[in-house]
Amino acid sequence: MTSQDIFPFRVGSGYDVHRLVEGRELWLCGLRLDHTHGLLGHSDADVAIHALCDALLGAAALRDIGYHFPDTDPAFNGADSKRLLAAVRDLLAGEGWSIGNVDVTVMAEAPKLKPHIEDMRRCLAEVMGIPAGCVSVKATTTEGLGFTGRREGIAAQATALIFRTPQDSKS
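Parameters at a glance
Residues numbered from 1 in each chain as written. Predicted model: local features only at pLDDT ≥ 70, side-chain atom pairs only at ≥ 80, totals over all residues. Heavy atoms only, no water. Helix = DSSP H or I, 4+ residues; strand = E, 2+ residues; numbered from the N terminus. Expected span 1.5 Å × (residues − 1). Buried < 20%, exposed > 50% of the residue type's maximum accessible area, 1.4 Å probe, protein only. Contact = heavy atoms within 4.5 Å. Pairing = 2+ DSSP bridges. Right-handed = clockwise from strand over helix to strand, strands pointing away. Axes fitted to C-alpha atoms, helices over the stretch in contact; angles between N-to-C directions. Parallel < 35°, antiparallel > 145°, perpendicular 65-115°, else oblique.

1. Details of helix H5 (residues 117–128)
Its twelve residues place the ends of H5 17 Å apart at the C-alpha level, agreeing with the 16 Å of an ideal helix rising 1.5 Å per residue. Taken as a whole, H5 has its buried residues at Ile117, Met120, Arg121, Cys123, Leu124, Ala125, Val127 and Met128. Tucked into the core, H5 has its buried residues touching strand S2 (26–28), strand S3 (31–33), helix H2 (47–59), helix H4 (81–94), strand S5 (97–107) and strand S6 (135–140). After H5 finishes, the residue Gly129 shows a positive phi value of roughly 75 degrees.

Now the structure itself:
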């Protein structure tokens, strides 16, 4: 008997940080947002999706985003992080896991994310193939404290619940 037989549900957490710089687009939760700065990274640097990928991969004990999509691989240079999330979704499915629900928190002083939250939820839900009601996106500031408070970067954390995909009774 394996842990997968005993525990049909798993929870994972993820965390990511990217530096804000001039001359880059800002992508968060799969949406391009108007802002004076963007996030620096090998891909589009969508810090929220990266944290979410790590939460999903961690729940399935499948290592982390850097293992699957290394920043040394030119194939991921400028990559749309929605593509990475879709690949993680497919990897989970191939291992017999389905995504239950996810919770993402973005820590940033600016831009204000409240007007974009519902679109972010819908975007992430569409990529993962789950209802938007199973996707939570929250935003908070750090009250001027730390690197996010100084507007040097944006951080995100995520939690994900996955469950064993029910097997077809005919197999």
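There's plenty left to go through after this.
2. Examining the pairing of S5
S5 sits mainly inside the fold: eight of its eleven residues count as buried. Relative to strand S7 (residues 153–164), S5 is paired through ten bridges, and the arrangement is antiparallel. Following the sheet pairing, Asn101 is matched in S7 by Leu161. One ladder, built from six bridges, connects S5 with S6; its direction is parallel. The residue bridging Val102 from the neighbouring strand is Val135, located in S6. Of the crossover connections in this fold, the one passing from S5 over H5 to the parallel S6 is right-handed.

3. Things to note about the packing of H4 against H5
Where H4 contacts H5, the two axes come as close as 8 Å, and the packing angle between them is 45 degrees. Between H4 and H5, the angle is such that the two are oblique. Along its contact with H4, which presents Lys82, Leu85, Ala86 and Arg89, the element H5 presents Cys123, Leu124, Val127 and Met128.

4. Details of unusual backbone geometry
Residue Pro111 follows Ala110 across a cis peptide bond; omega there is 0 degrees. Along the chain, the position of Pro111 falls in the loop between S5 and H5. Although it is not a glycine, Arg63 adopts a positive phi angle of roughly 70 degrees. Its location among the elements puts Arg63 in the loop between H2 and helix H3 (65–68).

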